[in-house]
Amino acid sequence: MPLFIIQGDITRSDCDAIVNAANNSLLGGGGVDGAIHRAAGPELLNECRTLHGCDTGEAKITGAYNLDAKYVIHTVGPIWRGGNRGEEELLRSCYRNSLKLAVEHECKSVAFPMISAGVYGYPFDEALEVAVSEISSFLNSSQDDLTVYITIFSKRDYKISRELFDDVNKYVKDRMVFKEHRFMCMGMNAAADACAADSSVEEFVKTHIDESFSRMLLRLIDEKGMTDVECYKKANIDRKLFSKIRSNESYHPKKTTVLGFAIALKLTLDETDELLMKAGYALSDSNCGDLVVEYFLNNRIYDINKINEVLFAMDQELIGEYYPA
Ligand code: APR
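All of these numbers come straight from a predicted model, not from anything done at the bench.

Chemist: Would you mind showing me how to read the packing of helix H3 (residues 87-104) against helix H4 (residues 124-141) here?
Modeler: Think of two packed helices as two axes; the pair is described by the angle between the axes and how far apart they sit. Put simply, H3 and H4 touch, their axes get as near as 9 Å, and they point 40° apart. By the angle class used here, H3 and H4 are oblique. The chirality of how H3 crosses H4 is right-handed. Each of Glu88, Leu91, Arg92, Tyr95, Arg96, Leu99, Lys100 and Val103 in H3 lies in contact with H4, whose residues at this interface are Ala127, Val130, Ala131, Ser133, Glu134, Ile135 and Phe138.

Structure below.
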């Protein structure tokens, strides 16, 4: 189920399938197409010759030969001609058709490059928007366990919506400044705060000590009227991990896993703090990634892919269950 954005060279991915941004001839080229053919070796080209090309928006599958992957899925993205020549729909069908082939070949993991965002000139932020929305809607409607990685070759190319990035960045910077300021004032009434804090923590522990993280999570899923599948898919968590959490009362999740569930359950900041505390964590205003998540919680934007796009841009760990490709 999970979708992650990672940086790397797709030819080094050990996913079951890697996707090639090919051209209609399927006989190789530059960019990622050239890199994949070079890494796979000449047998890949020999097999491609038997496919007699591929229409734009379609996808065809071959072996992977010298690559670590089992398959290469070749898809042909649209050449960008201004955006009014059906480019978006063709790009969406590249992702859809590639994912269909991956599922038909029982792949458990697939790595995509940014199709059409190189030589074919598709604006990067729009191509990313298409990739994330198309892949996540496929994963949300799929019964299959499939983890997908969007592989960004060069961080320099990576662009998300400027407005969103600037908004989050400003929030993080302001909160970092506020934290320093608050730290300075802290000395004045530390004693009083400490006593107040003690009594409220004591009170809190008394009323909540018996509820473990997994019990609180399952309670919240019921209270929100969600199914388990809905919740873990929206949390960017895979089915196996969720069943581990459900079956093990004392399971200790990663912080990024807890934050994934907070987003899926559309928790408030206080509810998120409480869920984190169950797992022994807290949001920290000196941690950039935490402040990014806090921005989205405060603005009640519960789009985990949007959050991960910003976290990736800021070199922070993504939320959800993250297995390196
Ligand atoms: N790993 C991951 N991503 C890569 C790699 C790599 N090794 N090499 C390049 N990329 C990235 C590029 O940075 C770009 O973001 O893949 C994205 C797609 O760029 P292109 O390879 O240029 O593909 P595209 O824009 O779809 O153009 C396809 O280019 O190579 C030719 O034969 C290909 O004619 C076809 C056209």
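Chemist: I keep staring at the sheet that holds strand E3 (residues 59-63) and nothing clicks. Help me out?
Modeler: The pairing of strands in a sheet comes from backbone hydrogen bonds and takes either a parallel or an antiparallel form. Ordered in space as E1-E6-E5-E2-E4-E3, the six strands form an open sheet in which the pairing is mixed. Both outer strands of the open sheet, strand E1 (3-7) and E3, are each paired with one neighbouring strand and no more. Strand after strand, the sheet turns through a mean of 25° between neighbouring axes, direction not considered. Where strand E2 (residues 17-22) and strand E4 (residues 71-76) come together, six bridges link them in parallel fashion. Paired with Asn20 across the strands is His74, a residue of E4. Each of E2, E3, E4, strand E5 (109-112) and strand E6 (147-152) is contacted by H3, which is oriented at about 160° to E4, the strand it contacts most. Against the sheet, H4 contacts E1, E5 and E6, and its axis sits at roughly 170° relative to E6.

Chemist: I'm lost on the packing of aromatic side chains in this one. Help?
Modeler: Aromatic ring pairs are described here by two measures, namely the spacing of the ring centres and the angle between the planes. The full count for this structure, using the stated rule, is nine aromatic pairs. Measuring from ring centre to ring centre gives 4.9 Å for Tyr95 and Phe112, while their planes differ by 45°; the resulting arrangement is tilted. Linking Tyr95 in helix H3 with Phe112 in strand E5, this pair joins segments that are 17 residues apart in sequence. Among the residues examined, Phe112 registers a relative accessible area of 0% and is labelled buried. On the basis of an interplanar angle of 35° and a centroid distance of 5.3 Å, the ring pair of Tyr232 and Phe242 is categorised as tilted.

Chemist: I tried to follow the site of the ligand on my own but got confused; where do I start?
Modeler: The ligand sits among 21 residues. The nearest are Gly30, Val32, Asp33, Ser116 and Gly118. Contact distances for the ligand include 2.8 Å between an oxygen atom and a backbone N or O atom of Val32. A distance of 2.7 Å is found between an oxygen atom of the ligand and a side-chain nitrogen or oxygen belonging to Asp33. Within the residue set of the shell around the ligand, elements represented by two or more residues are E2 and helix H1 (31-40). Ranked by residues supplied to the shell around the ligand, first place goes to H1 with four residues.

Chemist: Even after reading the chapter, I still don't get the environment of Asp33, so can you show me in this structure?
Modeler: As for its placement among the helices and strands, Asp33 is situated in helix H1. Note on Asp33: relative accessible area 3%, which makes it buried. Other than its neighbours up to four places away in sequence, Asp33 contacts Asn20, Ala21, Ala22, Asn23 and Gly28. A polar atom in the side chain of Asp33 sits 2.8 Å from the side chain of Asn20. A polar contact is formed between the side chain of Asp33 and the backbone nitrogen of Gly29, at a distance of 3.3 Å.

Chemist: Even after reading the chapter, I still don't get H4, so can you show me in this structure?
Modeler: Three or four residues apart is the spacing at which side chains of an α-helix point the same way, because the helix has 3.6 residues per turn. Between its terminal C-alpha atoms H4 stretches 26 Å, which fits the 26 Å expected from 18 residues at 1.5 Å a residue. Three or more residues of H4 are buried, namely Phe124, Ala127, Leu128, Val130, Ala131, Val132, Glu134, Ile135, Ser136, Phe138 and Leu139. Close packing links the buried residues of H4 with E1, H3, E5, E6, helix H8 (228-234) and helix H13 (304-313).

Chemist: I keep staring at the nonpolar core and nothing clicks. Help me out?
Modeler: Across soluble globular proteins, you tend to see nonpolar side chains buried next to one another. With 103 residues, the main nonpolar core has Phe112, Ile135, Val168, Phe261, Leu265 and Val292 as its most contacted residues. For this core, the element with the most residues is H4, which contributes nine residues. For Val168, the contacting residues outside a window of four places in its chain are Val292, Tyr295, Phe296, Val310 and Met314.

Chemist: What's the story with the pattern of salt bridges in this structure? I'm lost.
Modeler: Pairing of side chains with opposite charge becomes possible as their charged atoms draw close. Within the structure shown, the criterion is met by 19 salt bridges. Between Glu88 and Arg92 there is a salt bridge, with the nearest N and O atoms lying 2.8 Å from each other. Separated by four residues within a single helix, Glu88 and Arg92 lie in helix H3, roughly one turn from each other. A salt bridge links Asp238 to Lys240; its shortest N-O distance comes to 3.4 Å. Here the salt bridges share partners, and the residues they tie into one network are Glu88, Glu89, Arg92, Arg96 and Glu134.

Conventions we followed
In every chain, residue numbers begin from 1 and rise along the written sequence. Local features in this predicted model are restricted to residues of pLDDT 70 or higher, and side-chain atom pairs are both shown and tallied only at a pLDDT of 80 or more, whereas totals for entire chains, interfaces and linings draw on every residue. Water and hydrogen atoms play no part in the side-chain values, which are based on all heavy atoms of the structure. Interaxial angle, 0 to 180 degrees, is taken between N-to-C directions of lines fitted to C-alpha atoms, where a helix line uses only the stretch in contact. Here a helix means four or more residues in a row that DSSP labels H or I, a strand means two or more in a row labelled E, and each is numbered from the N terminus. Note that the term roughly parallel is reserved for angles under 35 degrees, roughly antiparallel for angles over 145, roughly perpendicular for angles of 65 to 115, and oblique for everything else. Each helix crossing is assigned a hand: it is left-handed if the near helix lies turned anticlockwise from the far helix by less than a right angle, otherwise right-handed if that turn is clockwise. Should any heavy atoms of two residues lie within 4.5 Å, those residues are considered in contact. Two strands pair under a simple rule: DSSP has to find at least two bridges between them. Classification of ring pairs rests on two measures: the distance between centres of Phe, Tyr or Trp rings, Trp counted by its six-membered ring, which must be within 6.5 Å, and the angle between planes, read as stacked under 30 degrees, edge-to-face over 60 and tilted in between. When accessible area is computed with a 1.4 Å probe and restricted to protein chains, residues below 20% of their type maximum are described as buried, those above 50% as exposed, and intermediate ones as partly exposed. Nearness of a residue to a molecule or strand requires only that one of the residue's heavy atoms be within 4 Å of it. Polar contacts, as counted here, are pairs of nitrogen or oxygen atoms within 3.5 Å of one another; within protein the pair requires one atom able to donate a hydrogen and one able to accept it, and residues that are adjacent in sequence qualify only if both atoms are side-chain atoms. Residue count minus one, scaled by 1.5 Å, sets the expected span of a helix. Nonpolar cores are built from buried Ala, Val, Leu, Ile, Met, Phe, Trp, Tyr and Cys residues. Side-chain atoms within 4.5 Å join them into one set. Think of a salt bridge as a Lys or Arg side-chain nitrogen and an Asp or Glu carboxyl oxygen that are within 4 Å of each other.

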